Amino acid sequence: MVKKVKIINVVGARPNFMKIAPLMKEYRKYDSFEPIIVHTGQHYDANMSDLFFNQLQIPKPNISLGVGSDSHSKQTAKIMEKFEDVCLDVQPDAVLVVGDVNSTMACSLVASKMGIKIIHLEAGLRSYDRTMPEEINRLVTDALADILLTPSKDADENLLKEGVSPSKIFFVGNIMIDTLFQFLPLAEKSNIMNELNLEKENYILVTLHRPSNVDFKENISKIINAFEEIQKDIKIIFPIHPRTRNKLAEFGLNEYVNSLKNLILTEPIGYLDFQKLMSNSKLVITDSGGIQEETTALKIPCITVRENTERPITVTEGSNEIVGLDMEKMVNLTQKALNNQWKESKIPLFWDGKTSQRVLKVLEDYFVKKG
Ligand code: UD1
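The structure contained in this document is the topic of the report that follows.

Cut-offs and rules
Residues numbered from 1 in each chain as written. Predicted model: local features only at pLDDT ≥ 70, side-chain atom pairs only at ≥ 80, totals over all residues. Heavy atoms only, no water. Pairing = 2+ DSSP bridges. Helix = DSSP H or I, 4+ residues; strand = E, 2+ residues; numbered from the N terminus. Axes fitted to C-alpha atoms, helices over the stretch in contact; angles between N-to-C directions. Contact = heavy atoms within 4.5 Å. Expected span 1.5 Å × (residues − 1). Buried < 20%, exposed > 50% of the residue type's maximum accessible area, 1.4 Å probe, protein only. Phe/Tyr/Trp six-rings, centres within 6.5 Å; stacked < 30°, edge-to-face > 60°. Parallel < 35°, antiparallel > 145°, perpendicular 65-115°, else oblique. Nonpolar A, V, L, I, M, F, W, Y, C, P; charged D, E, K, R; others polar. Near = heavy atom within 4 Å. Polar contact = N/O pair within 3.5 Å; in protein donor to acceptor, adjacent residues only side chain to side chain. Areas by Shrake-Rupley, 256 points an atom, 1.4 Å probe, with all protein chains shown as cover. Domains from an automatic or database assignment. Left-handed = near helix turned anticlockwise from the far one by under 90°. Disulfide = S-S within 2.5 Å. Salt bridge = Lys/Arg side-chain N within 4 Å of Asp/Glu carboxyl O.

Digging into the sheet that holds strand β9 (residues 235-239)
Step number 1: Ordered in space as β10-β9-β8-β11-β12-β13, the six strands form an open sheet in which the pairing is parallel. Looking at strand neighbours, the two that pair on one side only are β10 (263-266) and β13 (320-322), the edges of this open sheet. Adjacent strand axes in the sheet meet at a mean angle of 20°, parallel and antiparallel pairs treated alike.
Step number 2: Relative to β9, strand β8 (residues 203-207) runs parallel, the two being bridged by three bridges. If you follow L205 over to β9, its bridge partner there is I237.
Step number 3: The strands that helix α14 (residues 289-298) touches are β8, β11 (283-286), β12 (302-304) and β13; relative to β11, the one it contacts most, it runs at about 165°.

What about the sheet that holds strand β1 (residues 5-11)?
Step number 1: Judged by pairing direction, the sheet is parallel, and its seven strands sit side by side in the order β3-β2-β1-β4-β5-β6-β7 without closing on themselves. Because the sheet does not close on itself, it has two edges, and the strands there are β3 (63-64) and β7 (169-171).
Step number 2: Relative to β7, strand β6 (residues 147-150) is paired through three bridges, and the arrangement is parallel. Each residue of the ladder has a partner; that of L149, found in β7, is F170.
Step number 3: Contacts from helix α1 (residues 14-27) reach β1, β2 (33-39), β4 (94-98) and β5 (117-121) within the one sheet, and its direction differs from that of β1 by about 160°.
Step number 4: Helix α17 (residues 355-369) rests against β1, β2, β4, β5, β6 and β7 of the sheet, and its axis sits at about 165° to β6.

Points about the environment of L196
Step number 1: As for its placement among the helices and strands, L196 is situated in the loop between α8 (192-195) and β8.
Step number 2: Sequence separation of L196 and I237 is 41 residues, and the distance between their C-alpha atoms is 8.7 Å.
Step number 3: The contact partners of L196, leaving out residues within four places of it in the chain, are K235, I237, T266 and L277.

Re α17
Step number 1: The terminal C-alpha atoms of α17, which comprises 15 residues, lie 20 Å apart, in line with the 21 Å expected from a rise of 1.5 Å per residue.
Step number 2: Along α17, the positions that sit buried rather than exposed are T355, S356, R358, V359, L360, V362, L363, E364 and F367.

Here's the deal with the packing of aromatic side chains
Step number 1: By the definition in use, this model includes eight aromatic pairs.
Step number 2: On the numbers, 6.2 Å between centres and 80° between planes, the contact of F183 with Y271 is edge-to-face. Placement of the pair is F183 in helix α7 (residues 175-188) and Y271 in helix α13 (residues 271-279), with a sequence separation of 88 residues.
Step number 3: What makes F183 buried here is its relative accessible area of 3%.
Step number 4: Taking relative accessible area as the criterion, Y271 reaches 2% and is therefore assigned buried.

Brief notes about unusual backbone geometry
Step number 1: The phi angle at Q57 is positive, at roughly 55°, despite the residue not being glycine.
Step number 2: Relative to the elements of secondary structure, Q57 occurs in the loop between α2 (50-55) and β3.
Step number 3: Of note in this structure, E201 is not a glycine but carries a positive phi near 60°.
Step number 4: In this fold, E201 is placed in the loop between α8 and β8.

A few points about the packing of α7 against α13
Step number 1: The geometry of α7 relative to α13 is characterised by a closest axis approach of 9 Å and an angle of 85° between their N-to-C directions. Here α7 lies roughly perpendicular to α13, going by the angle between them. Here M176, T179, L180, F183, L184, L186, A187 and E188 of α7 come into contact with α13, specifically with Y271, L272, Q275, K276 and S279.
Step number 2: Considered class by class, the residues forming the contact of α7 with α13 number eight nonpolar, three polar and two charged.

Brief notes about the site of the ligand
Step number 1: Looking at the ligand, there are 19 residues lining it, with Q42, H43, N102, E134 and R243 nearest.
Step number 2: One nitrogen or oxygen atom from the main chain of N102 is found 2.8 Å from an oxygen atom belonging to the ligand.
Step number 3: One of the side-chain N or O atoms of E134 is found 2.5 Å from an oxygen atom in the ligand.
Step number 4: Protein contact buries 88% of the 740 Å² of open area that the ligand shows by itself.
Step number 5: Every element with two or more residues in the shell around the ligand is listed here: α5 (133-144) and α11 (242-250).
Step number 6: Residue classes in the shell around the ligand are distributed as six nonpolar, nine polar and four charged.
Step number 7: Composition of the shell around the ligand by domain shows at least three residues from each of domain 1 (5-173 + 351-369) and domain 2 (184-338).

Brief notes about the packing of α13 against α14
Step number 1: For the pair α13 and α14, interaxial distance at closest approach is 11 Å and the crossing angle is 55°. As far as their axial angle goes, α14 and α13 are oblique. The handedness of the crossing between α13 and α14 is right-handed. Facing α13, whose interface residues are Y271, F274, Q275, M278 and S279, α14 presents I291, E294, T295 and L298.
Step number 2: A per-class count over the contact of α13 with α14 returns five nonpolar, three polar and one charged.

Quick look at the state of the cysteines
Step number 1: Under the criterion given, the structure shown has zero disulfides.
Step number 2: The thiol sulfur of C87 is not disulfide-bonded, and the nearest other cysteine sulfur, from C107, lies at 7.4 Å.

Digging into the pattern of salt bridges
Step number 1: Under the defined criterion, the tally for this structure stands at 25 salt bridges.
Step number 2: With its nearest N and O atoms 3.0 Å apart, the salt bridge here joins K232 to E229.
Step number 3: Owing to a relative accessible area of 55%, K232 belongs among the exposed residues under this scheme.
Step number 4: E229 sits in the partly exposed class, given a relative accessible area of 42%.
Step number 5: Taken together, the shared-partner salt bridges in this structure form one network comprising K19, D100, E122, E135, R138, E293, R306, E310 and R311.

Any functional reading would require information that these geometric values do not contain.
If you want it as structure tokens, here you go:
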């Protein structure tokens, strides 16, 4: 029997799960690969992790490292220690990492020290803002990777500027959109809008969890003040990330937030309910990277509460606008969305639901055909 190519696929945090799901499905079409899932445990709450495995039909992880939360360096170090043992044991031909979370960088570092090939899916994105932990994760991972799979052409250009050899760069498109398009019909059946008493386009969906927004009382207060204005006109649904929940409590802001009648906080919600809410909303306000992309693919207006984005194509081609902490701009743009005056947008090239197919072709050419 021909030896299979053993690839460890790393997941750690919520935004990784929708990137790995379509890939696991696509591997099954090939006899030549033996995919193994390693979950670092960076996210561990049931509604931040297990729920996504179930809904996205991802096979159970073969190995779980159970690292949990800690400071960035300690979390990274714990993942590295445990992942080295996994690599020694499994002896993979390659490690595939996705996105830009701490698990992505930690496992790339381990693989590089052990001479194992590294595949980075969602390579080349740059915010050029090194105060963002994810930017450091992206820079390190891309510097080490052997195969860099990019979601958009601007990512290719960033890598070329950094001196990455063109032979390592493969434009495959946006893997998360594979998951979005696959699960939209199922998401449409979700009952979440009835549960929250919502009608199509009569609410705004909000997510916020970036340290730059939620870890400073001044910034999060500024944002909630703007929400106080906006919720006078339209309901705001705000599924709340654990980091944000902890910070609101720490800053003594719970009472204020709860006093705003049209600002409705929920626990973090699963993938299908979230897609249902997003695809039926009038507008999304977020600081997430993935949601900027999903709203672009759905052509839903999106306001991003960050000073920059590593996904500029969502602004130049898509339905995204960047406002930073300029809350006046946010309120004005919200009015524009409510008045149906949002800019025209289009869906970027290769955000078509077929990225996992292109990824597997690249991997087959690299590991199987070239031997
Ligand atoms: C991480 C990623 C970020 C991604 C986000 C999506 C890094 C550097 N950041 O940020 O890029 O956009 O995930 O969610 O990798 N917590 C829980 N339960 C959990 C997970 C976390 O309660 O299951 C709490 C803990 O108090 C933890 C805090 O949330 O300290 C933050 O978690 P952490 O994984 O450090 O970073 P995120 O803010 O989630």
